[in-house]
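Structural overview for review
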Amino acid sequence: MLIATNEAGRVVKRPSKPVIGTMLANLHRGNAHLVLERLDEEADGSWYAQVLLRDDNTYQLEYRDGVAAEHYQTRTVSQEKVLAAMLGWAAGRRDWRDALMWNNIGFQFETGAAPPLG
């Protein structure tokens, strides 16, 4: 199941494309991050994509594929690219990462827990 959560505390189970788009468009100081998490009780690990609207108005986008070693990050000024990536990730499309350059930051996380945004 897919769950969308923002910093303001809004939680949406099985969010639609318009809901994800609205939640992204409504990011601002005090509600600066959005997390899409894929829950699967039969699979170990964490699968999520998250975005943080930084103070310099850039978007920090990250995703994790199950384990800390597979945690990636990028930054962009394009809300359109972030939306395309988030929707592609949510839909399970194979090409959702292609428009951005990603850096593996898995070495920063030793415990495997979700890192705080910011």
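Residues numbered from 1 in each chain as written. Predicted model: local features only at pLDDT ≥ 70, side-chain atom pairs only at ≥ 80, totals over all residues. Heavy atoms only, no water.

Within this structure, the stated rule accounts for four salt bridges. Between arginine 75 and aspartate 56 there is a salt bridge whose closest N-O contact spans 2.9 Å. Linking arginine 75 in strand 6 (residues 71-76) with aspartate 56 in the loop between strand 4 (46-53) and strand 5 (59-66), this pair joins segments that are 19 residues apart in sequence. Residue aspartate 65 is joined to arginine 97 by a salt bridge in which the shortest nitrogen-to-oxygen separation is 3.8 Å. Linking aspartate 65 in strand 5 with arginine 97 in the loop between helix 2 (79-91) and strand 7 (103-104), this pair joins segments that are 32 residues apart in sequence. (Salt bridge = Lys/Arg side-chain N within 4 Å of Asp/Glu carboxyl O. Helix = DSSP H or I, 4+ residues; strand = E, 2+ residues; numbered from the N terminus.)

Another point: the packing of helix 1 (residues 17-25) against helix 2. Between helix 1 and helix 2, the shortest axis-to-axis distance is 10 Å and the interhelical angle comes to 140°. The handedness of the crossing between helix 1 and helix 2 is right-handed. Within the contact between the two elements, helix 1 uses Lys17, Ile20, Gly21, Leu24 and Ala25 and helix 2 uses Gln79, Val82, Leu83, Met86, Leu87 and Ala90. Per-class residue counts for the contact of helix 1 with helix 2 are eight nonpolar, two polar and one charged. (Axes fitted to C-alpha atoms, helices over the stretch in contact; angles between N-to-C directions. Left-handed = near helix turned anticlockwise from the far one by under 90°. Contact = heavy atoms within 4.5 Å. Nonpolar A, V, L, I, M, F, W, Y, C, P; charged D, E, K, R; others polar.)

Turning our eyes to something else, we now look at the side chain of arginine 64. Mapped onto the secondary structure, arginine 64 falls in strand 5. Notably, arginine 64 is buried but unbridged: the nearest opposite-charge side chain belongs to glutamate 62, and the N-O separation is 7.2 Å. A polar atom in the side chain of arginine 64 sits 3.1 Å from the side chain of histidine 71. (Buried < 20%, exposed > 50% of the residue type's maximum accessible area, 1.4 Å probe, protein only. Lys, Arg positive; Asp, Glu negative; His and termini not counted. Polar contact = N/O pair within 3.5 Å; in protein donor to acceptor, adjacent residues only side chain to side chain.)

Moving on: the packing of aromatic side chains. The full count for this structure, using the stated rule, is four aromatic pairs. Measuring from centroid to centroid gives 4.9 Å for tyrosine 63 and tyrosine 72, while their planes differ by 20°, and the two rings are stacked. Of the residues examined, tyrosine 63 reaches a relative accessible area of 4% and is grouped as buried. Consider the rings of tyrosine 63 and tryptophan 102, whose centres lie 4.9 Å apart with planes at 80°: the pair is edge-to-face. Placement of tyrosine 63 in strand 5 and of tryptophan 102 in the loop between helix 2 and strand 7 is noted, with a sequence separation of 39 residues between them. Members of the aromatic cluster, joined through ring pairs, are Tyr63, Tyr72, Trp96 and Trp102. Its end group placed over the ring of tryptophan 89, arginine 38 keeps NZ or CZ at 4.2 Å from the ring centre. (Phe/Tyr/Trp six-rings, centres within 6.5 Å; stacked < 30°, edge-to-face > 60°. Lys NZ or Arg CZ within 6 Å of the ring centre and 35° of its normal.)

At arginine 14, a position not held by glycine, the phi torsion is positive, near 50°. You can see arginine 14 is positioned in the loop between strand 2 (11-13) and helix 1. Unusually for a residue other than glycine, asparagine 57 sits at a positive phi of about 65°. Of note, asparagine 57 is situated in the loop between strand 4 and strand 5.

Shape is all these values report; function is a separate question.
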